[in-house]
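# Reading the structure
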Amino acid sequence: MALAFFGLSIFLFLNLDFEQGPFSSASASSSPSEGVKITYGTVLKLMHERTKFRLHSHEVPYGSGSGQQSVTGFPGVDDSNSYWIVRPQLGTDAKQGDAIKTGTIIRLQHMRTRKWLHSHLHLSPISGNMEVSCFGGENESDTGDYWRVLIEGSGKIWKQDQRIRLQHVDTDGYLHSHDKKYQRIAGGQQEVCGVREKRADNIWLAAEGTYLPVTQS
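To start, this report covers the structure provided alongside it. (Residues numbered from 1 in each chain as written. Predicted model: local features only at pLDDT ≥ 70, side-chain atom pairs only at ≥ 80, totals over all residues. Heavy atoms only, no water.)

### Details of the overall build of the protein chain
- Helix and strand content of the protein chain: one helix and 12 strands.
- Secondary structure elements of the protein chain occur, N-terminal to C-terminal, as α-β-β-β-β-β-β-β-β-β-β-β-β.
- Buried positions account for 53% of the 217 residues belonging to the protein chain.
- A sequence separation of at least 24 residues applies to 68% of the contacts in the protein chain between residues at least 6 apart.
- When the accessible surface of the protein chain is totalled, it reaches about 9,700 Å², and 50% of it is carbon and sulfur. (Helix = DSSP H or I, 4+ residues; strand = E, 2+ residues; numbered from the N terminus. Buried < 20%, exposed > 50% of the residue type's maximum accessible area, 1.4 Å probe, protein only. Contact = heavy atoms within 4.5 Å. Areas by Shrake-Rupley, 256 points an atom, 1.4 Å probe, with all protein chains shown as cover.)

### A word on the pattern of salt bridges
- Counted under the stated rule, the structure contains eight salt bridges.
- For Glu-208, the salt bridge identified is with Arg-54, shortest N-O distance 2.5 Å. Of this pair, Glu-208 sits in strand β12 (residues 204-210) while Arg-54 is found in strand β2 (residues 54-61), placing the two residues 154 residues apart along the sequence.
- Arg-165 is the salt-bridge partner of Glu-152, the closest N and O atoms lying 2.6 Å from each other. Of the two residues, Glu-152 is situated in the loop between β8 (147-151) and β9 (164-168) and Arg-165 in strand β9; the sequence distance between them amounts to 13 residues.
- Under the relative-accessibility criterion, Glu-152 is labelled partly exposed at 27%.
- Its relative accessible area of 7% is what places Arg-165 among the buried residues.
- Salt bridges here are not isolated pairs; linked through shared partners, they connect Arg-50, Asp-179 and Asp-201. (Salt bridge = Lys/Arg side-chain N within 4 Å of Asp/Glu carboxyl O.)

### Points about the pairing of strand β6 (residues 116-123)
- Note: β6 against strand β7 (residues 130-135), five bridges, orientation antiparallel. From the neighbouring strand, His-118 faces β7, where its bridge partner is Ser-133.
- The turn linking β6 back onto β7 is made up of six residues, and Gly-128 within it adopts a positive phi angle of 75°. (Pairing = 2+ DSSP bridges.)

### What to know about the nonpolar core
- Leu-55, Val-86, Ile-106, Leu-117, Trp-158, Leu-166 and Leu-175 are the most contacted members of the largest nonpolar core, which totals 28 residues.
- At the level of secondary structure, the elements contributing two or more residues to this core comprise β1 (43-48), β4 (84-88), β5 (105-110), β7, β8, β9 and β12.
- Per-element tally for this core: the top contributor is β8, with three residues.
- Setting aside chain neighbours within four positions, we find Trp-158 in contact with Val-36, Lys-37, Ile-38, Leu-44, Leu-46, Val-86, Ile-100, Ile-106, Val-149, Ile-151 and Ile-164. (Core = buried A, V, L, I, M, F, W, Y, C linked by side-chain atoms within 4.5 Å.)

### Some thoughts on the side chain of Ser-177
- Tracing the backbone through its elements, the reader meets Ser-177 in strand β10 (residues 174-181).
- Setting aside residues no more than four positions away along its own chain, Ser-177 makes contact with His-48, Gln-190, Glu-191, Val-192, Asp-201 and Trp-204.

### Focus: the pairing of strand β3 (residues 69-74)
- Within β3, six of the six residues are buried, leaving the element largely enclosed by the surrounding structure.
- Note: β2 against β3, five bridges, orientation antiparallel. By the bridge assignment for β3, Arg-54 is matched with Phe-74.
- Note that β3 and strand β11 (residues 190-195) share two bridges and pair antiparallel. Paired with Gly-73 across the strands is Gln-190, a residue of β11.

### As for the environment of Leu-90
- Locating Leu-90 in the fold gives a position in the loop between β4 and β5.
- When the C-alpha positions of Leu-90 and Ile-106 are compared, they lie 8.9 Å apart, and in sequence the two are 16 residues distant.
- Discounting chain neighbours no more than four positions away, the residues touching Leu-90 are Arg-107, Ser-141 and Tyr-146.

### Considering the environment of Thr-210
- Within the secondary structure, Thr-210 sits in strand β12.
- Placed 168 residues apart in sequence, Thr-210 and Thr-42 show a C-alpha to C-alpha distance of 6.1 Å.

### Thoughts on a negative patch on the surface
- A contiguous patch of negative charge on the surface is contributed by Glu-140, Asp-142, Asp-170 and Asp-172.
- Overall, Asp-142 belongs to the partly exposed group, its relative accessible area being 36%. (Patch = residues over 30% accessible without salt bridge, like charges linked within 9 Å, V, L, I, M, F, W, Y side chains within 5 Å. Lys, Arg positive; Asp, Glu negative; His and termini not counted. Charge placed at Lys NZ, Arg CZ, Asp CG, Glu CD.)

### Some details on the side chain of Thr-51
- Following the sequence through the fold, Thr-51 ends up in the loop between β1 and β2.
- Polar side-chain contacts of Thr-51 include one of 2.8 Å to the side chain of His-48. (Polar contact = N/O pair within 3.5 Å; in protein donor to acceptor, adjacent residues only side chain to side chain.)

See below:
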């Protein structure tokens with residue numbers, strides 16, 4: 001695991017372009033632990049609380065619905081296609097290293113493909129809920145990529161050990177997963193979709209990643 005974090009840190013230093021949008025270059029710190037605040041620019045995996053699967057995407061399009069890049073829940077811990085970069089919504093003055101309060105709208109950029117976690121009213125392939133996909137690119141993003149961070153409990157600032165929901169702004173759907181698995185995708189990957197009701201299966205936690213320190217104002 002230590003080697004995995006080291007490799008990710010090197011990738012961040014050499015490859016991530018933080019000049020996109022409101023970001024400027026800064027060094028990253030590694031080794032997440034309980035109570036660490038999530039900041040803009042952090043690269044992390046999101047773990048579905050009940051099943052422990054990680055939010056995942058890869059360059060495989062859906063065979064139905066939008067036909068966009070598919071998003072799944074992945075059972076393994078080490079797959080690099082499960083890393084996401086935490087970005088602000090468009091048009092804000094948020095900057096790299098800023099902490100994120102409950103109720104804040106964010107975007108999640110898939111590290112490998114540079115597309116954005118997205119949702120809409122297309123039907124998800126297995127359950128017929130709202131499809132969740134990856135869409136766009138570095139300079140192609142819209143409100144379909146907006147997710148509101150909602151902390152469960154009394155916390156006001158998003159931290160690694162806090163349970164959260166992500167509510168899609170355009171559809172009001174919560175990012176959701178469950179035990180329903182794809183038969184034609186290797187590795188026993190399960191469906192990720194959006195549902196409008198609060199359920200136990202739309203709780204997520206920040207897991208592995210490289211966490212940037214809070215910028216002092």
